[in-house]
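Examination of the molecular architecture
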Amino acid sequence: MSNFSVGFRTNNHIQILDLKGELDAHTASELEAALQKCQDDEHNLIVVNGENLQYISSAGLGVFMAYIEEVREQGGDIKIAALQPKVYNVFDLLGFPMLFDIVNTEEEAVHKFESASEA
Amino acid sequence: MSRSVHTLSIPSSTSHLAEVRSFVEAYAREAAFTDDAIESFKIAVDEACTNIIKHAYQGDSSHKIDLAVIIEDERFTVRIRDEGRAFKLHGYSRPDIFHLAKGRRAGGLGVHIMRQLMDVVEYHTRGNVNEVTLVKLRNGTSSAVQGGEPTSQDDGEP
């Protein structure tokens, strides 16, 4: 039984992924499938809502890393929002705040995409 | 000085990683470590087991991994043994996440996380048994989860 799930929502043209549970080497393939689905559907403005993400290991971080360049080359981004402090700490250990746009709330991430499209 | 040892044996499959984390968490909690320290143990042990499953056993789930949690007054030790391919630490260097992202590669991060989170990370191979030892001192000078830089020791000799 998997203790991780990805929920899909859209906010206008922005794809929001709700992560829930524990993201490790066993469940990383589900995040990979979700990001691949975004690619297949040509959704490249992606907000990952980590409010209900309880745990992440390097296997989960690696999935974000494997997709970020491709999404950015298509003019999009993966913005990561609402991480719990213990999960943010793991992102921080590897220097991910340098590579990813990590913000406090989903609203902030959505606003950043909307501001960029108006500019 | 008190010392207690708790053991767990799991098949070499990622489907058992959650069980490993629960096992480590239960004894660390019983030993009254802080929440930050407990998170560090869970991640470090998860990373070590993931490396064994993926690299030592090459994804073959028919093998086993033996874990022992050793709780002493001043330290929390997790010893993990496998009989797969020996891990060579010689080639290890801090991962460059920008370089990895450019190459759309997703690996090589686990060892770095272990070294950041634990006070000691040691690899040994004796005969056909590989052993990784992870140690966190109870009153260590730093907690890496909060951004400190603990010292690491490693022995990459196969």
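Residues numbered from 1 in each chain as written. Chains lettered and ligands numbered in written order. Predicted model: local features only at pLDDT ≥ 70, side-chain atom pairs only at ≥ 80, totals over all residues.

Our focus in this paragraph is helix H2 (residues 58–73) of chain A. Residues and elements named next belong to chain A. End to end, H2 covers 24 Å across 16 residues, agreeing with the expected 22 Å (1.5 Å per residue, within 8%). Along H2, the sharpest kink reaches roughly 30 degrees, centred on tyrosine 67. Along H2, the residues that are buried comprise Ser58, Ala59, Gly60, Leu61, Gly62, Val63, Phe64, Met65, Tyr67 and Ile68. A positive phi of about 90 degrees marks glycine 75, the residue just after H2. (Helix = DSSP H or I, 4+ residues; strand = E, 2+ residues; numbered from the N terminus. Expected span 1.5 Å × (residues − 1). Bend = angle between axes of the 7 residues up to and from the residue. Buried ≥ 20, exposed ≤ 12 C-beta atoms within 10 Å, placed from the backbone.)

One widely used convention gives an interface's size as the accessible area the parts lose upon coming together. Each partner contributes to the interface: chain B provides 24 residues, whereas chain A provides 24 residues. Within the residue set of the side of chain B that touches chain A, elements represented by two or more residues are helix H1 (17–30), helix H2 (35–56), helix H3 (97–102) and helix H4 (110–117) of chain B. Here the residues of the side of chain B that touches chain A sort into eleven nonpolar, seven polar and six charged. (Contact = placed C-beta atoms within 7 Å. Nonpolar A, V, L, I, M, F, W, Y, C, P; charged D, E, K, R; others polar.)

Quick look at the sheet that holds strand S1 (residues 3–11) of chain B now. Residues and elements named next belong to chain B. Spatially, S1-S2-S3-S5-S4 is the arrangement adopted by the five strands of the open sheet, whose pairing is antiparallel. Edge positions in the sheet fall to S1 and strand S4 (120–126), since each has one partner strand and no second. Pairwise comparison of adjacent strand axes, ignoring direction, gives a mean angle of 15 degrees for this sheet. Pairing of strand S2 (residues 64–72) with strand S3 (residues 75–82) involves six bridges; the strand directions are antiparallel. Its bridge partner being in S3, alanine 68 is matched across the sheet by arginine 79. (Pairing = 2+ DSSP bridges. Axes fitted to C-alpha atoms, helices over the stretch in contact; angles between N-to-C directions.)

On to the confidence of the model for chain B, then. All names here are of chain B. Summarising the model, chain B shows a mean pLDDT of 85, and 83% of its residues fall at 70 or more. With pLDDT under 50 throughout, residues 141–158 is counted as low confidence; its partners more than four residues away or in other chains account for 40 contacts. Overall fold confidence (pTM) sits at 0.89, and the ipTM for the predicted complex is 0.93. (pLDDT = per-residue confidence, 0-100.)

Moving on: the pairing of strand S5 (residues 129–137) of chain B. Residues and elements named next belong to chain B. In this structure, S3 lies alongside S5, joined through eight bridges in antiparallel fashion. Bridge pairing in S5 links threonine 77 to valine 135. As judged from the seven bridges shared by S4 and S5, these two strands associate in the antiparallel manner. Residue valine 121 lies in a different strand from S5, and its bridge partner there is leucine 134. Here S4 hands over to S5 after two residues, with glycine 127 in that stretch at a positive phi of 60 degrees.

Inside soluble globular proteins, nonpolar side chains tend to come together where they are buried. All names here are of chain B. Counting residues in hydrophobic clusters, the biggest one holds 79 residues, and the most contacted among them are Ala44 and Leu134. The greatest single-element share of this core, amounting to eleven residues, is contributed by H2. Filtering out sequence-adjacent residues up to four positions away, alanine 44 remains in contact with Ile113, Met114, Leu117, Met118 and Leu134. (Core = buried A, V, L, I, M, F, W, Y, C linked by C-beta atoms within 7 Å.)

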